[in-house]
Amino acid sequence: MSMQETPSLMMGLFALMQALIMLALAPLFTGISRQIRARMHSRRGPGIWQDYRDMGKLFKRQEVAPAQSGAIFRVMPYVLLSSMLLVAMTLPIVTRTSPFAGAGDLITLLYLFALFRFFFSLSGLDTGSPFAGIGASRELTLGVLVEPTLILALLVVALIAGSTNIGSISVTLTEGWSSPTATLLAMLACGFAAFIEMGKIPFDVAEAEQELQEGPLTEYSGSGLALVKWGIGLKQVVVAELFLAVFIPFGKAVELTVPALALAAVIMLAKLLAVFVIASIVENTLARGRFLLTHHVTWLGFGVAALAFVFYLTGL
C-alpha cells in the first residue's frame, strides 16, 4: 500500500507509534553516549542501560517543589515531552514522506524547538533560585546563537525543494541535489547546529547537573526530574533524526509493507547509532570552552549557512 492510499487515521497511528518508539529509545542512545565517553576516558562506565535504571528510581521518589514556584515549574516537564513527541511524529524517519504531514512544516518544527527552550528556561526563573536563573539565561543565550544557523540551513533546502514541508524536502533530496554546493554547505551548517542542540562539549554537557547547562533543573526531583531528563534525551534523538531525515534520506520505505518498514527501521537505527557515535567521539576529543567565547565558534556555523544561501542564489 502506498502512502497516498493510506487512510489518515492509520497514518496518525503510525506517526504516534513512531514517536513512542523514539521516546523508548532515547535513554538507550544517551546511555551509549555516556559509555563511549567513559571508554575514551579509560573508565568502565555505568553501562548503556543506566539511564533506564536512573529514571526508574526517580519515578519511585517523592516530587518536591519550591514554595515560590508556580504553574510553569510543574507544567514544564510535560511541555518538553509533548513538544518533542510532536516533532517526532512529523519526521519522515522510515517513510519517504511525513506520516503526520499536517504538522510537518519546518516553521512549525522550529517553533516547537523554541517552545522547548522557552519553557525549559522559564521554569528556572520560576523557581526563584539564583543558580537556576543563571542557567536559564545561559540556555536562552545559546538559543540566540544557535537557532539562526539551524533556521538558515533549513531555509536553504526548503528553497531548493520549493516547499517547507519536511516530507517534500526529504523526497526532493532523495531524488538528487539540484544545487549540490548549497546543499552540502547547508548540511554542514545544520550538522553543526544539531551537534550543539544535542548538548555536546565544548558548548554543553547534557548530563551536567552540577554545571549551568542543567541549572534550571536544580529544584526538580522525583518524577518531574525523570520526565525532564527523558525530554532532554528525546530532544537529542529528535535533532539527530531531523538532520538524517533532511540530508541523509536514503533507505526509507516507499510502501507501507512489513518487510519494507522493517528494513527501513534497521537502516534508521544504524544511521542514528552512527550519528551518536560520531558526535560522542568528536565531543570527547574537544576541551570544554568558556561559555563567554561561544559566540566566536557559533558565528562559524552561521557563516557556513549564509554561504549556502549565497550559493543557492547563484545557482551552485
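Residues numbered from 1 in each chain as written. Predicted model: local features only at pLDDT ≥ 70, side-chain atom pairs only at ≥ 80, totals over all residues. Heavy atoms only, no water.

Peer 1: Report on the environment of alanine 193, specifying residues and quantitative values.
Peer 2: Here alanine 193 shows up in helix H7 (residues 180-197). With a relative accessible area of 0%, alanine 193 lands in the buried category. Here alanine 193 is in contact with Val146, Thr149 and Leu150, once residues within four sequence places are set aside. (Helix = DSSP H or I, 4+ residues; strand = E, 2+ residues; numbered from the N terminus. Buried < 20%, exposed > 50% of the residue type's maximum accessible area, 1.4 Å probe, protein only. Contact = heavy atoms within 4.5 Å.)

Peer 1: Talk me through the pattern of salt bridges; I want residue IDs and the actual numbers.
Peer 2: Pairing between side chains of opposite charge can happen when their charged atoms approach one another. Applying the stated criterion across every chain yields a total of six salt bridges. Where arginine 117 meets glutamate 139, a salt bridge forms, and the shortest distance between an N and an O atom there is 3.2 Å. Here arginine 117, found in helix H4 (residues 106-126), pairs with glutamate 139, found in helix H5 (residues 130-161); they are 22 residues apart in sequence, far enough to count as distant. In this structure, arginine 117 and glutamate 139 share a single accessibility class: buried. Note that glutamate 197 and arginine 117 form a salt bridge whose closest N and O atoms lie 3.0 Å from each other. With a gap of 80 residues between them, glutamate 197 in helix H7 and arginine 117 in helix H4 connect regions that are remote in the sequence. For the pair glutamate 197 and arginine 117, a shared accessibility class is recorded, and that class is buried. Overlapping salt bridges bring together Arg117, Glu139, Glu147, Glu197 and Lys235 as one network. (Salt bridge = Lys/Arg side-chain N within 4 Å of Asp/Glu carboxyl O.)

Peer 1: Please set out the packing of aromatic side chains residue by residue, giving values where relevant.
Peer 2: Per the stated rule, a full pass over the model turns up eight aromatic pairs. Both rings, one in phenylalanine 59 and one in tryptophan 230, keep their centres 6.4 Å apart while their planes meet at 70 degrees; by these two values the pair is edge-to-face. One end of the pair, phenylalanine 59, is in helix H2 (residues 50-60); the other, tryptophan 230, is in helix H8 (residues 222-247), with 171 residues separating them in the sequence. A relative accessible area of 21% means that tryptophan 230 is categorised as partly exposed. Seen from their ring centres, phenylalanine 118 and phenylalanine 119 are 5.6 Å apart, and the 85 degrees between their planes marks the pair as edge-to-face. A residue is classified by how much of its surface remains accessible, and phenylalanine 119, at 16% relative accessible area, is buried. If you follow lysine 271 out to its NZ or CZ, it ends over the ring of phenylalanine 250, 4.7 Å from the centre. (Phe/Tyr/Trp six-rings, centres within 6.5 Å; stacked < 30°, edge-to-face > 60°. Lys NZ or Arg CZ within 6 Å of the ring centre and 35° of its normal.)

Peer 1: Any details on the environment of leucine 125? Residues and values, ideally.
Peer 2: Residue position: leucine 125 is located in helix H4. In this structure, the C-alpha to C-alpha distance between leucine 125 and glycine 135, residues 10 residues apart in sequence, is 9.0 Å. When neighbours within four sequence positions are excluded, leucine 125 is seen to be in contact with Gly133 and Ala136.

Peer 1: Any chance you could break down helix H3 (residues 71-90) for me, citing the residues and the numbers?
Peer 2: Taking 1.5 Å per residue as the helical rise, H3 with its 20 residues ought to reach 28 Å, and the 28 Å between its terminal C-alpha atoms agrees with that figure. In H3, a bend of some 30 degrees at proline 77 exceeds every other bend along the element. (Expected span 1.5 Å × (residues − 1). Bend = angle between axes of the 7 residues up to and from the residue.)

Peer 1: Could you give me a rundown of the packing of H3 against H8, with the residues and numbers involved?
Peer 2: Between H3 and H8, the shortest axis-to-axis distance is 8 Å and the interhelical angle comes to 25 degrees. It follows from the interaxial angle that H3 and H8 lie roughly parallel. Crossing geometry of H3 relative to H8 is assigned as left-handed. In this structure, H3 contributes Met76, Pro77, Tyr78, Leu80, Leu81, Met84, Leu85, Val87 and Ala88 to the contact, and H8 contributes Gly224, Leu227, Val228, Trp230, Gly231, Leu234, Lys235 and Val238. Of the residues that constitute the contact of H3 with H8, the class distribution is 14 nonpolar, two polar and one charged. (Axes fitted to C-alpha atoms, helices over the stretch in contact; angles between N-to-C directions. Parallel < 35°, antiparallel > 145°, perpendicular 65-115°, else oblique. Left-handed = near helix turned anticlockwise from the far one by under 90°. Nonpolar A, V, L, I, M, F, W, Y, C, P; charged D, E, K, R; others polar.)

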